[in-house]
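Overview (structure and organization)
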Amino acid sequence: SLEGSLEATVQELESLAELLRRRGEHHFLGVAHLNTALIRIALGDPQSALTSAQRAIDHLSDTSAGVELVSACLARASALSYVGDIGDARLEIGRASGIAPAGQAVEIAIEAALIEAYLGEPGKARPFLEVVDDVPVASADFKEQLAFARALLRLRANDIAAARMEAAVLRYRTPSSAMAFE
């Protein structure tokens, strides 16, 4: 959606989380905490996002070895980077990379590249990006997010022409799986 209140969504997710906790639905409770963490990151509240991401990991560690747990680790990495703990953010990316199925390499590359482009050392994103260089990316959404991350890294390297080429594929006002990416 391109409209709506992220704050209201957090409130709804917190209500849902309480209901799921009472019902003992630990997997879905973990997913609710993951979604809350992602929204809190978009809202610029990394400390609360870190708490939500850790709760997601706690619940999903027991119920999911799959994509949700990896996504929760990446949300935690993002929150850690925004609170100034880039070292632990990198460790969390490594953890996510170690447990992720092959199909999640693009998501990991995007998150690692964004963290390094915004707050870290762009060269540290290279190994994650190299993993997906030859991987066909079926999702237009992920292609755009990957191009955006690469464009930011190019900007950090002062390569404006290459950044423009990467950014040329971006579409505007198009729904995305990443919050505030439209």
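Structural notes, computed from the coordinates. (Residues numbered from 1 in each chain as written. Predicted model: local features only at pLDDT ≥ 70, side-chain atom pairs only at ≥ 80, totals over all residues. Heavy atoms only, no water.)

1. Comments concerning the pattern of salt bridges
In this structure the tally under the stated criterion is 11 salt bridges. Between Glu18 and Arg22 there is a salt bridge whose closest N-O contact spans 3.4 Å. In this pair, Glu18 and Arg22 both sit in helix α1 (residues 6–23), 4 residues apart, roughly one turn of the helix. A salt bridge links Arg95 to Glu92; the shortest N-O distance between them is 3.3 Å. Of the two residues, Arg95 and Glu92 are both situated in helix α5 (residues 86–99); the distance of 3 residues between them amounts to about one turn of the helix. Exposure remark for Arg95: the relative accessible area of 36% places this residue in the partly exposed category. Note on Glu92: relative accessible area 5%, which makes it buried. (Salt bridge = Lys/Arg side-chain N within 4 Å of Asp/Glu carboxyl O. Helix = DSSP H or I, 4+ residues; strand = E, 2+ residues; numbered from the N terminus. Buried < 20%, exposed > 50% of the residue type's maximum accessible area, 1.4 Å probe, protein only.)

2. What about the environment of Ile57?
With respect to the helices and strands, Ile57 occurs in helix α3 (residues 46–63). Between the alpha carbons of Ile57 and Gly30 there is a distance of 6.8 Å; along the sequence they are 27 residues apart. Among all residues touching Ile57, those that are not within four sequence positions of it are Leu69, Ala72, Cys73, Arg76, Glu92 and Arg95. (Contact = heavy atoms within 4.5 Å.)

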